[in-house]
Amino acid sequence: MWDAIVVGAGPAGCTAATLFAREGLRVLLLDKSAAPPPKVCGEYLSPGCLPILERIGALKSVWDAGGRPLYGMTIHTAARRTLEATYPRDSDVTGSPLHGLSVRRAVLDPMLLDRAVKDGAEFEPYFQVSDLVWEDGRVVGVQGRHRGRVTALRGRLTVGADGRNSVVARRVGSVTRHRWLDKVALVSYVTGAERAEDVGEIFLGHDRYCILNPIGPDLTNVGLVINRRDFTPTTDPTRFLLETAATLPGLRDRLADARPIGPVRCLGPLAYRGSQLAARGALLIGDAAGFLDPFTGEGLYTGLRSAELAVQCALPALCNGSAAHPDLRTYAAAWRREFLPKWRLCTLFQHAIRRPPLAEWLVAGLSRRPDLTTLLMAVVGDLIPAYTLTPLRLFPRLLTRARTFA
Ligand SMILES: Cc1cc2nc3c(=O)[nH]c(=O)nc-3n(C[C@H](O)[C@H](O)[C@H](O)COP(=O)(O)OP(=O)(O)OC[C@H]3O[C@@H](n4cnc5c(N)ncnc54)[C@H](O)[C@@H]3O)c2cc1C
């Protein structure tokens, strides 16, 4: 009997495994692959990730492996307005580092797995979980295929960290797609792009956008997000990505000399949500719980932070000496409190992406209010939880206003 079985060795699963193992618990970390597989990702870590990486002892390794600081986001609208939005400079605002990081997932993910193993978690590769094991209405373990054999494992807690298409999420509840967001993403690396060095850049078009993230010297992560209906499956996704990105105002010249490096990865539909975040003996963290859109880049933060929340909520029950499977309703409540306000803010931005006049209005308004822009960046950068921000009470009103642009 394991204390915790963590399904999925992505950033969320490795963080949870590290934290459980440090408490002296017996942790098994499973992944269907030999190591975390390549991800479709903009490879931007929001500033809020840095203190968590520091707490799990991985921040120095990320810097040593070539992590680059990002001090904010520059947004270019379809009408060629520009908003230079930086994270707060005054460390007294939050007490946290005031920049994000760009780092390749091919570097970050193995580093976090290495951390978990060094801290005492046992890693089992090539274990594809296909079902949960239930007894008396509680989850008591997982079942899956391991090296050609069907195997069942028992644990007091099962943590679903198996990303989008999570088996654990579907077994604990249901997974529903977003009502109106139906996007796909195409992501690749290019050299030769004309890009900023220490900020990310977002180019807005009509109901689509493209992000440039400077990931290394003359290496740029290019991510295009468009409606699924506008994506025609093609034999040449590289050409589709670069040609479609070049139609966005201001981006054609920037990509004129860009040469793709490596494959284009496509993913969609992007937005979905698990109906149930926890059951007796199981809970969901990271993308397994849900995902909205990469525009505000909080996926990795949500993975790391939800892992911390999960450990905080489950530890008292796991450490009290009883063999009972913990009741995790407190985790579901903590998750909603921590992440739902930010989802609402992100939904507001999605309304703006759909309606260019609203995007222009927001960008023009924020350009005149640097104080509000900085505050928003503190929230977007996960430096301040959205729920602590009084002006966020404005957002329901902003959302109502957004609908008038429909
Ligand atoms: C286009 C795009 C761009 C993005 N850009 C950013 C960005 O710039 N910054 C950011 O913070 N976030 C970004 N994200 C989101 C970010 O990539 C995810 O939120 C993050 O990878 C979630 O981590 P995770 O650990 O929850 O899941 P994952 O990283 O997906 O890890 C899940 C793991 O579970 C394993 N697994 C899956 N199923 C099973 C199974 N049945 N059995 C065993 N193992 C299994 C997989 O092999 C994998 O290793 C982006 C997302 C998209 C789509």
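Residues numbered from 1 in each chain as written. Predicted model: local features only at pLDDT ≥ 70, side-chain atom pairs only at ≥ 80, totals over all residues. Heavy atoms only, no water.

S.K.: Help me out: how do you make sense of the packing of aromatic side chains in this one?
M.R.: To describe a pair of aromatic rings, you give the distance between the ring centres and the angle between the ring planes. Per the counting criterion, the structure on display carries five aromatic pairs. Pairing phenylalanine 231 with phenylalanine 240 gives two aromatic rings, centres 5.2 Å apart and planes at 80°, and the pair type is edge-to-face. Of the two residues examined, phenylalanine 231 and phenylalanine 240, each falls in the buried class. Here a set of aromatic residues connected by ring pairs shows up, and it is made of Tyr209, Phe295 and Phe349. Here the basic side chain of arginine 104 rests over the ring of tyrosine 189, its NZ or CZ set 4.6 Å away from the ring centre. (Phe/Tyr/Trp six-rings, centres within 6.5 Å; stacked < 30°, edge-to-face > 60°. Buried < 20%, exposed > 50% of the residue type's maximum accessible area, 1.4 Å probe, protein only. Lys NZ or Arg CZ within 6 Å of the ring centre and 35° of its normal.)

S.K.: Can you walk me through the packing of helix 1 (residues 11-22) against helix 8 (residues 299-318) in this structure?
M.R.: Between helix 1 and helix 8, the shortest axis-to-axis distance is 8 Å and the interhelical angle comes to 35°. Crossing of helix 1 over helix 8 shows right-handed handedness. Note on element contacts: helix 8 touches helix 1 through Leu300, Gly303, Leu304, Ala307, Glu308, Val311, Ala314, Leu315 and Leu318, opposite Pro11, Ala12, Thr15, Ala16, Leu19 and Phe20. Of the residues belonging to the contact of helix 1 with helix 8, the class tally is 12 nonpolar, two polar and one charged. (Axes fitted to C-alpha atoms, helices over the stretch in contact; angles between N-to-C directions. Helix = DSSP H or I, 4+ residues; strand = E, 2+ residues; numbered from the N terminus. Left-handed = near helix turned anticlockwise from the far one by under 90°. Contact = heavy atoms within 4.5 Å. Nonpolar A, V, L, I, M, F, W, Y, C, P; charged D, E, K, R; others polar.)

S.K.: Before we go on, may I ask you to explain the sheet that holds strand 13 (residues 183-191) in this structure?
M.R.: What holds strands together in a sheet is hydrogen bonding between their backbones, with the strands either parallel or antiparallel. Strand order in the open sheet made by the seven strands is 6-5-14-15-16-13-17, with mixed pairing throughout. The open sheet has two edge strands, strand 6 (82-86) and strand 17 (259-267), and neither has a second partner. The mean angle between the axes of side-by-side strands here comes to 15°, regardless of whether they run parallel or antiparallel. (Pairing = 2+ DSSP bridges.)

S.K.: Help me understand the site of the ligand, please; the structure alone is not making it clear to me.
M.R.: Residues in contact with the ligand amount to 37 residues; listed here are only the nearest, Asp31, Gly42, Tyr44, Asp287 and Leu300. Within the backbone of proline 11, a nitrogen or oxygen atom sits 3.2 Å from an oxygen atom of the ligand. The separation between an oxygen atom of the ligand and a polar side-chain atom of lysine 39 is 2.9 Å. For the ligand, the protein covers 94% of the area, taking 1000 Å² as the surface of the free molecule. For the shell around the ligand, the secondary structure elements donating two or more residues are helix 1, strand 9 (127-135), strand 13 and helix 8. With three residues, strand 9 is the largest single contributor of residues to the shell around the ligand. Looking at the shell around the ligand, its residues break down into 20 nonpolar, nine polar and eight charged. Viewed by domain, the shell around the ligand spans two of them, domain 1 (2-69 + 100-178 + 271-338) and domain 2 (183-267), each represented by three or more residues. (Near = heavy atom within 4 Å. Polar contact = N/O pair within 3.5 Å; in protein donor to acceptor, adjacent residues only side chain to side chain. Areas by Shrake-Rupley, 256 points an atom, 1.4 Å probe, with all protein chains shown as cover. Domains from an automatic or database assignment.)

S.K.: Explain the nonpolar core to me, please; I cannot follow it from the model alone.
M.R.: Note that soluble globular proteins tend to have their nonpolar side chains buried in a common cluster. Among the nonpolar cores identified, the biggest contains 82 residues, and Phe20, Leu53, Val142, Leu283, Ile285 and Tyr331 are the most heavily contacted of them. In terms of residues, this core owes the most to one element, helix 8, which gives 11 residues. Per-domain counts for this core show at least three residues from each of domain 1 (2-69 + 100-178 + 271-338) and domain 3 (340-404). Ignoring sequence-local partners within four residues, the contact set of leucine 283 consists of Leu157, Thr158, Val159, Gly160, Leu277, Ala278, Ala310, Leu328 and Tyr331. Membership of the second largest hydrophobic core comes to 36 residues, among which are Tyr209, Ala359, Val380 and Ala386. (Core = buried A, V, L, I, M, F, W, Y, C linked by side-chain atoms within 4.5 Å.)

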